[in-house]
Amino acid sequence: MAGRLTLPGFVNAHSHAFQRALRGRVDGGDFWAWRDAMLDVARGQSPERVRKDYVAVYREMLAAGFTAVGEFHYLGLDQAYAASEAAAEAGIRFVLLHVAYARGGIDELRQPTVDAYLQEVGALRHDGVAVGVAPHSVRACPPDWLEAVGAYAAEHELPLHVHACEQLREIDECLAEHGLRPIELLARTGCLGPRTTVIHATHASDAELDLLADRRARICVCPTTEASLGDGFVPVDRIRARGIRLCVGSDSNVRIDPLEELRELEGIARRLELRRGVIDVDELLRIGSVEGAAALGLDAWGDVTADLEHPSLAGVEPDEARAALVFGCGAEVLTPV
Ligand SMILES: [Zn+2]
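To start, this report covers the structure provided alongside it. Fair warning: this is a prediction, and the values are worked out from it, not measured in the lab. (Residues numbered from 1 in each chain as written. Predicted model: local features only at pLDDT ≥ 70, side-chain atom pairs only at ≥ 80, totals over all residues. Heavy atoms only, no water.)

Turning to the packing of aromatic side chains, a few remarks are in order. Centre distance and the angle of the planes are the two values used to describe a pair of aromatic rings. Here the structure, examined in full by the defined rule, presents six aromatic pairs. Ring geometry for F18 against Y74: centres 6.0 Å apart, planes inclined by 80°, an arrangement best described as edge-to-face. Separated by 56 residues along the polypeptide, F18 in the loop between β2 (10–15) and α1 (31–43) and Y74 in the loop between β3 (66–73) and α3 (77–90) bring together distant segments of the chain. A relative accessible area of 5% means that F18 is categorised as buried. These aromatic residues form a ring-pair network of at least three members: F18, Y74 and Y101. Over the face of the ring belonging to W32 we find R169, whose NZ or CZ atom lies 3.8 Å from the ring centre. Taking NZ or CZ as reference, R270 lies 4.8 Å from the ring centre of F327, over its face. (Phe/Tyr/Trp six-rings, centres within 6.5 Å; stacked < 30°, edge-to-face > 60°. Helix = DSSP H or I, 4+ residues; strand = E, 2+ residues; numbered from the N terminus. Buried < 20%, exposed > 50% of the residue type's maximum accessible area, 1.4 Å probe, protein only. Lys NZ or Arg CZ within 6 Å of the ring centre and 35° of its normal.)

Shown next as structure tokens:
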């Protein structure tokens, strides 16, 4: 197509669509204070509300060039079906990362037993929803839950996504309870393999990163959310030194822009390494698309085009268009095909 650059669509490997409602909350406090506000919003999510609000968020994602999304969902089974229906209405490729939640949080989030959780996963799969399993975190799931979910994922060859090492307090609590760091506990309980994606890994130790590399697991980084929540910097230098594969997610959806996530990722890498061009542009685009699809177990998703006549790209040399897209544009230059 003249004047347009066609690319594989971007894949949002980690989203909590309902958290879009919190994008204007800038009051102080830390991650934990934000989490209290987030749980208040989570409490009010009826299936009808999810169905309605998620269509709008998924339309925003699609308009921003995300043609597939992995929804990390912990609002209940009826709401899971509602999210799937919302994605179908919006026209975005959808994988439900159905969350196991044993303890903490609020009542609505938790399943009574891990068997009850796995029955929910079975029902969703039976009804044709594309599903991955998602023990929420080592905070929310004790070892016996992690073992059961890890075994189920291995048996059925499903993606397994889990938050880990986002916050220092989470690591301290895990060490106090288990004598292990979060990613070490995931390895011990059979949750770390080639279909595993660890979300964040912001404060992962060298030993934990070695484990991820060893088990060929991925990391999903969510730079705009990690910045918003004051999580810290993803250790992209230590991750890349080990050859660990990366993908990106819009997570809390404070921003919905795949180019911004990739630019932030490379910006962190440059700040850490004090040089330019750390991650090659083609590799950044692959992290934003193919790698996210692999993390979700997807083999097909829509393409996007970038408008080369858009003021953000007009006049750029053809061989610099892909770099200008990542470093000089917002998602408004992208259109799903
Ligand atoms: Zn998350």
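This part is about the packing of helix α11 (residues 258–273) against helix α12 (residues 281–288). Viewed as axis vectors pointing N to C, α11 and α12 meet at an angle of 130°, and their least axial separation amounts to 10 Å. In terms of orientation, α11 lies oblique with respect to α12. Note that α11 runs across α12; the crossing there is right-handed. Counted together, L262, L265 and E266 of α11 and L284, L285, I287 and G288 of α12 form the full contact between these two elements. (Axes fitted to C-alpha atoms, helices over the stretch in contact; angles between N-to-C directions. Parallel < 35°, antiparallel > 145°, perpendicular 65-115°, else oblique. Left-handed = near helix turned anticlockwise from the far one by under 90°. Contact = heavy atoms within 4.5 Å.)

Ideal geometry at a metal centre: 109.5 degrees between donors when four sit tetrahedrally, and 90 or 180 degrees when six sit octahedrally. For the zinc ion, the full set of protein donor atoms is H14 (NE2), H16 (NE2) and H163 (NE2), at a range of 2.0 to 2.2 Å. Donor residues binding the zinc ion come from one chain and are separated in sequence as H-x1-H-x146-H. In this pair, H16 sits in the loop between β2 and α1 while H163 sits in strand β6 (residues 160–164), placing the two residues 147 residues apart along the sequence. Across this residue pair, the class does not change: H16 and H163 are buried. (Donors = N, O, S within 2.8 Å, 3.2 Å for Na, K, Ca; no water.)

One pass over the structure, following the stated rule, counts two cavities of 30 Å³ or more. Looking at the largest cavity, its volume works out to about 150 Å³. Taken together, the residues that form the lining of the largest cavity break down as six nonpolar, six polar and four charged. The calculated volume of the second largest cavity comes to roughly 40 Å³. Mapped onto the lining of the second largest cavity, the elements with two or more residues apiece are α1 and β6. Class assignment for the residues of the lining of the second largest cavity results in three nonpolar, three polar and three charged. (1 Å grid on protein atoms, 1.4 Å probe; cavity = no way out; pocket = protein on both sides within 12 Å on 5 of 7 lines; lining within 4 Å. Points joined across faces, edges and corners; volume = space filled by probe spheres on them. Nonpolar A, V, L, I, M, F, W, Y, C, P; charged D, E, K, R; others polar.)

Turning to the layout of surface pockets, a few remarks are in order. Estimated volume of the largest pocket: approximately 310 Å³. No other element matches the four residues that α1 contributes to the lining of the largest pocket. For the lining of the largest pocket, a count of residues per class yields eight nonpolar, five polar and four charged. Roughly 180 Å³ of volume is contained in the second largest pocket. Along its surface, the second largest pocket is lined by 14 residues, and V131, P159, L296, G297 and L298 are the ones closest to its centre. Those elements that place two or more of their residues in the lining of the second largest pocket are β4 (93–100) and α13 (290–296). Top contributing element to the lining of the second largest pocket by residue count: α13, with three residues. Per-class residue counts for the lining of the second largest pocket are nine nonpolar, one polar and four charged.

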